[in-house]
Amino acid sequence: HAGEDIELVVRRVSVAVMIFATIHAAVAVLSAANSIYSLDPENRTRPIKGYVQLASIGLYLVAALLVLASLMDRSPLLFLSGIGAMTAVLLLIFRDTILGLVASVQLTTNDMVHVGDWIEMPQCGADGDVIDVALHTVKVQNWDKTITTIPTYKLIEDSFKNWRGMSRSGGRRIKRAIFVDVNSIRFLTLTEIERYAGWSLLRDYMRRKREELAEYNAGRDSEASVSADVRQLTNVGTLRAYIESYLRQHPKVHQGLTLIVRQLAPGAEGLPIEIYCFANDTEWAAYEGIQSDIFDHILAISPEFDVRIYQNPTGRDLADLAPPARLVNAPAGSKDPPDRG
């Protein structure tokens, strides 16, 4: 009898091992299929890793059930009959898995996020590229090279920003303003008008505006010697026209997207002149270089229009306003240096 008992135990253990090995091999096949699927760049936008993980969990549950039935020499149906009574417990145990499955289906179906997207989710501390989309988590590599792990269902519960549209459009927005000192705004003189009319970037603008103003002023009963009675060109308006013409001919500015140079409401820091356009290179370093080059030129050309760029007073500004230091003669015979008043 002892020999029969040992044989029975060995047989049951052998069957359990075979079941586990078979299921493990099936899971390995699924993992390999996912790896082969991900090799195609087009398939990376439709990841199936979540489904593979769900199928693997299901196979391991089946393996556990069959192994338990084999070791106890009971029918698997006997264990299945008790699952109904454990539904609440199973829902609690597999809560994240169920939520992750539903979220994965919605993310994939609606094409909300996939590997390679730049997403921004401040409430989770994520701002960078998606490097992995799994059943339970989405991994984001931030710009400082740290990794943020977000539960997959959080992408359904909370809002996040996906920059994929910007990347696909081929343009990255530039929205920045310079602040003009309002005390430097004035009308142009005839000499300046003739001078700017010779600039290639302002030639058409100056011709058009001179014709427009001449026609307007001729149709009014106004006194030409009174500046308030006639329309005139201003230095800040001409600067705006120059900036827009400059951007229209800039090789790194996307000409198919919105391009505006506008005034915003003046405030304590002066009159904002906002540049709203799109760089035609979405790569971060190149974009920053394009933006910097544009504003380098704008800041450098502003004095040509007698326009001062506003900035808060610095120590150098205050020193220029201070009265010059004067020397006070020291008393005769004193060895101390003279005091500075």
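The structure contained in this document is the topic of the report that follows. (Residues numbered from 1 in each chain as written. Predicted model: local features only at pLDDT ≥ 70, side-chain atom pairs only at ≥ 80, totals over all residues. Heavy atoms only, no water.)

## Description of the pattern of salt bridges
Scanning all chains against the criterion turns up twelve salt bridges. Close ionic contact of Glu-304 with Arg-195 constitutes a salt bridge, the shortest N to O distance being 2.4 Å. Of this pair, Glu-304 sits in the loop between α11 (284-301) and α12 (315-321) while Arg-195 sits in helix α8 (residues 190-197), and the two are 109 residues apart along the sequence. The closest approach of N and O atoms between Glu-244 and Arg-248, which form a salt bridge, is 3.5 Å. Here Arg-248 and Glu-244 lie together in helix α10 (residues 235-248), a separation of four residues that amounts to about one turn. Residues joined in a network through salt bridges with shared partners are Asp-111, Asp-117 and Arg-164. (Salt bridge = Lys/Arg side-chain N within 4 Å of Asp/Glu carboxyl O. Helix = DSSP H or I, 4+ residues; strand = E, 2+ residues; numbered from the N terminus.)

## With respect to α8
Taken residue by residue, α8 has Glu-192, Ile-193, Tyr-196 and Ala-197 as its buried positions. When α8 is viewed along its axis, its buried side chains cluster within an angular range of 135° and face the same direction. More than 90 degrees from the buried face of α8, the exposed residues found are Leu-190 and Thr-191. (Buried < 20%, exposed > 50% of the residue type's maximum accessible area, 1.4 Å probe, protein only. Arc of directions from axis to C-beta.)

## Topic: the environment of Ala-55
With respect to the secondary-structure elements, Ala-55 resides in helix α2 (residues 49-72). Classification of Ala-55 by relative accessible area gives partly exposed; the value is 33%. Taking the C-alpha atoms as reference points, Ala-55 and Ala-26, separated by 29 residues in sequence, lie 9.9 Å from one another.

## Some details on the sheet that holds strand β4 (residues 147-151)
In space, the five strands of this open sheet follow the order β4-β3-β2-β1-β5, with antiparallel pairing throughout. Two strands bound the open sheet, and with one partner strand each, they are β4 and β5 (161-162). Pairing between strand β3 (residues 137-142) and β4: five bridges, direction antiparallel. Opposite Val-140, over in β4, you have Thr-148 as the bridge partner. (Pairing = 2+ DSSP bridges.)

## Focus: the packing of α2 against helix α5 (residues 95-109)
Contact pair α2 / α5: the axes reach a minimum separation of 10 Å and the direction vectors enclose 150°. When the axes of α2 and α5 are compared, the pair comes out roughly antiparallel. Regarding α2 and α5, the two cross each other, and that crossing is left-handed. Contacts between α2 and α5 involve Tyr-51, Leu-54 and Ile-57 from the former and Thr-97, Leu-101, Ser-104, Val-105 and Thr-108 from the latter. For the contact of α2 with α5, the per-class residue count stands at five nonpolar, three polar and no charged. (Axes fitted to C-alpha atoms, helices over the stretch in contact; angles between N-to-C directions. Parallel < 35°, antiparallel > 145°, perpendicular 65-115°, else oblique. Left-handed = near helix turned anticlockwise from the far one by under 90°. Contact = heavy atoms within 4.5 Å. Nonpolar A, V, L, I, M, F, W, Y, C, P; charged D, E, K, R; others polar.)

## Some details on α5
Across its 15 residues, α5 extends 21 Å between first and last C-alpha, which sits within 8% of the 21 Å expected from 1.5 Å per residue. For α5, every residue scored as buried is listed here: Thr-97, Gly-100, Ala-103, Ser-104 and Leu-107. An end-on view of α5 places all buried positions within 130° of arc, on one side of the element. One or two positions beyond α5, positive phi appears at Asp-111, with a value near 50°. (Expected span 1.5 Å × (residues − 1).)

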